[in-house]
Amino acid sequence: MNKFKHNGNGTTTIIIESRKYGTKKVCIDTEDWDRVGRYKWSINKNSTSRLFYAVSTSNLAIKELKRGVRLHRLITSCPENMVVDHISGNTLNNKKSNLRIVTTTENKHNRAKPRDGKNKYIGVVKNLKSSTWIARIGDGRSKHRYIGSFKTEKLAAEARDLEVCRTRNVVNPRMLNFPERLEEYLDIIKLEKNSSES
């Protein structure tokens, strides 16, 4: 069993000590403790996203659940054909208010730009033939929908953000290049809608 602390505010912190990754603190709702506290949890790092997840490979978990069950899947009772999205992007926050069951595509929509990405902005690539910047939006596995070409990288990033706000449920502003402009984008979309209805 892991060390833990009931915080008194309806949350519990599970303390996971890993030789490889150091000590990680995982937050859950205290009401879930009886269900998850009986298993030994360890830390796993996803090689693609480089995010940390709480997983259990204990004999009890293998017997009752399956090998390598992830904490967020157990808490949400996520069906096999769906995935769990950590709304805030913090994969060690496993409170139910931070978890939602979604499709793989919806989960990809809520990803922030990788820290080591080649491009400065999400959904923006340089067109080497014309020296313009192309804005695009992910549209399924390894597919992108073209939004337009722009003179500057920033204009392309703004166009991409606006299209995200038009076509997706923005559950976390971090999925935008300019999260501080979310309300501005929503106002623009509202004005567009009002003018098209007039």
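Here the structure is shown first, and the text comes after it.
Worth saying up front: this structure is predicted, and the values here are computed from it rather than measured.

Colleague: What should I look at first to understand the sheet that holds strand 9 (residues 124–127) in this one?
Modeller: Where strands meet in a sheet, backbone hydrogen bonds hold them as pairs that are either parallel or antiparallel. Spatial ordering of the open sheet is given by 9-10-11, a layout of three strands whose pairing is antiparallel. Strands with a single pairing partner mark the edges of an open sheet, and in this sheet they are strand 9 and strand 11 (144–150). Neighbouring strand axes in the sheet, compared pairwise and without regard to direction, differ in orientation by 30 degrees on average. Note: strand 9 against strand 10 (residues 132–138), four bridges, orientation antiparallel. In the strand pairing of strand 10, asparagine 127 is matched with threonine 132. Contacting strand 9, strand 10 and strand 11, helix 5 (residues 153–167) runs over the sheet at an angle of about 20 degrees to strand 10.

Colleague: Hey, could you run me through unusual backbone geometry in this one?
Modeller: Among all residues save glycine, negative phi is the norm, and among peptide bonds the norm is trans. If you check the backbone angles, serine 77 has positive phi at about 50 degrees while not being a glycine. Summarising the element assignment, serine 77 is placed in the loop between helix 3 (71–76) and strand 7 (83–86). Of note in this structure, serine 131 is not a glycine but carries a positive phi near 60 degrees. Relative to the helices and strands, serine 131 is located in the loop between strand 9 and strand 10.

Rules behind the numbers
- Residues numbered from 1 in each chain as written.
- Predicted model: local features only at pLDDT ≥ 70, side-chain atom pairs only at ≥ 80, totals over all residues.
- Heavy atoms only, no water.
- Pairing = 2+ DSSP bridges.
- Helix = DSSP H or I, 4+ residues; strand = E, 2+ residues; numbered from the N terminus.
- Axes fitted to C-alpha atoms, helices over the stretch in contact; angles between N-to-C directions.
- Contact = heavy atoms within 4.5 Å.

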